[in-house]
Amino acid sequence: MANKKTGVTKASEELLEQLNQAIARELQVAVQYMWQHVQWSGVKGFAVQSELKSIGIAEMKHAEAIAERLFYLGGIPTTKPTPIFVGNSLKAMIAQDVKDEEDAITLYKTIAEMARKEGDETTNRLFREILQQEEGHHDTFTTLLEDL
Ligand SMILES: [Fe+2]
Ligand SMILES: [Fe+2]
């Protein structure tokens, strides 16, 4: 997709910064869940590991979708994830993942609303779609955590 700084759809610097913050967080959780998938242990870990893998892949797709949107709006996607936490017990892993999903939900509500106010319905819709998936991840992790 071409970078269109002079395109018909414009975004504020603040919105572009928030999109990059979202990308940094998606890169973080993509790696985080992937390494948790690698480092799981025990019987309970066996039940969790396939979820970690599939959610990690979903996060990578989010990073790409947001980066495509940011680039279209004239921004350059960051390559730097926010700090990655793997954890050395299954409980520590999933507790952190619940928190990261909560943070994503809060941030994406903010971004969707910001985009709506700027008349950028495409970004608004993108973040509402991703938000729905993050709520699904949050539901999965909180349910898993109950039994750890
Ligand atoms: Fe995500
Ligand atoms: Fe997520």
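Note: the structure precedes this text.
Every chain is numbered on its own, with residues counted from 1 as its sequence reads. Chains and ligands are labelled sequentially in the order written, the chains with letters from A and the ligands with numbers from 1. Confidence filtering applies because this is a predicted model: local features only for residues at pLDDT of at least 70, side-chain atom pairs given and counted only at 80 or more, and all residues used for totals across whole chains, interfaces and linings. Calculation of side-chain values draws on the structure's entire complement of heavy atoms; hydrogens and water are dropped beforehand.

### Considerations on the overall build of the protein
What counts, and what does not: Going along the chain from the N terminus, every DSSP run of H or I of four or more residues is numbered as a helix, and every run of E of two or more is numbered as a strand. Radius of gyration means the value over C-alpha atoms here, while the globule rule gives 2.2 Å times the residue count to the 0.38 power. Under the scheme applied here, a residue whose accessible area is under 20% of the maximum for its type counts as buried, over 50% as exposed, and between as partly exposed, the area being computed with a 1.4 Å probe on protein chains only. Note on contacts: a residue pair is in contact if any heavy atoms of the two residues lie within 4.5 Å. Every accessible area reported is derived by Shrake-Rupley at a probe size of 1.4 Å, with residue values counting cover from the shown protein chains alone. We score Asp and Glu as negative and Lys and Arg as positive, and we do not count His or the chain ends. The atoms used to mark charge sites are NZ of Lys, CZ of Arg, CG of Asp and CD of Glu.
If you tally the helices and strands in the protein, you get four helices and zero strands. Taken from the N to the C terminus, the helices and strands of the protein come in the order α-α-α-α. For 148 residues, the compact-globule estimate of 2.2 N^0.38 gives 15 Å, and the protein sits close to it at 16 Å. With respect to the three principal axes, the spread of C-alpha positions in the protein is 55 × 25 × 20 Å. Residues classed as buried in the protein amount to 43% of the 148 residues present. Taking the intrachain contacts of the protein between residues at least 6 apart in sequence as the baseline, contacts between residues at least 24 apart amount to 85%. As displayed, the protein offers around 8,000 Å² of accessible surface, 56% of which is attributable to carbon and sulfur atoms. Distance from the positive charge centre (16 side chains) to the negative charge centre (23 side chains) of the protein: 4 Å.

### Points about the coordination of the iron ion (ligand 2)
Selection rule: The rule for donors is simple: an N, O or S atom within 2.8 Å of the metal counts, and for Na, K and Ca the reach is 3.2 Å. Water is not among the atoms, so a site may look short of donors.
Only Glu59 (OE), Glu101 (OE), Glu101 (OE), Glu134 (OE) and His137 (ND1) from the protein reach the iron ion (ligand 2) as donors, at distances of 2.0 to 2.3 Å. Counting gaps between the donor residues of the iron ion (ligand 2) yields the pattern E-x41-E-x32-E-x2-H. In this structure, the iron ion (ligand 2) is positioned 3.8 Å from the iron ion (ligand 1), and both are ligated by glutamate 59. Taken together, the residues glutamate 59 in helix α2 (residues 42–72) and histidine 137 in helix α4 (residues 121–145) connect sequence positions 78 residues apart. Both residues of the pair, glutamate 59 and histidine 137, belong to the buried class.

### Digging into the coordination of the iron ion (ligand 1)
Within the protein, the atoms that donate to the iron ion (ligand 1) are Glu26 (OE), Glu26 (OE), Glu59 (OE), His62 (ND1) and Glu134 (OE), at distances of 2.0 to 2.3 Å. Sequence spacing of the donors to the iron ion (ligand 1): E-x32-E-x2-H-x71-E. With a relative accessible area of 1%, glutamate 134 lands in the buried category.

### Examining the nonpolar core
Here is a general trend for soluble globular proteins: nonpolar side chains tend to be buried in one another's company. This is how the line gets drawn: What makes a nonpolar core is a set of buried Ala, Val, Leu, Ile, Met, Phe, Trp, Tyr and Cys residues whose side-chain atoms join them at distances within 4.5 Å.
Counting residues in hydrophobic clusters, the biggest one holds 23 residues, and the most contacted among them are Leu19, Ala22, Ile66, Tyr108, Ile111 and Phe127. Put simply, the parts of the chain that give this core at least two residues each are α1 (13–39), α2, α3 (90–117) and α4. Tallying contributions element by element places α3 first for this core, with eight residues. Leaving out residues up to four positions away in the same chain, alanine 22 has contacts with Ile66, Leu107, Tyr108, Ile111 and Phe127. Grouped together as the second largest cluster of nonpolar side chains are eleven residues, Val48, Leu52, Leu90 and Ile94 included.

### Focus on the environment of valine 8
With respect to the helices and strands, valine 8 occurs in the segment before α1. Along the sequence, valine 8 and leucine 73 sit 65 residues apart, while their C-alpha atoms lie 9.3 Å from each other.

### Considering α2
Put simply, the rule is: How far a helix is expected to stretch is found by multiplying one less than its residue total by 1.5 Å. Bend, in this description, refers to the angle at a residue between axes fitted to the seven residues ending there and the seven starting there.
Across its 31 residues, α2 extends 45 Å between first and last C-alpha, which sits within 8% of the 45 Å expected from 1.5 Å per residue. At valine 48, α2 is deflected by roughly 35°, the largest bend along its length.

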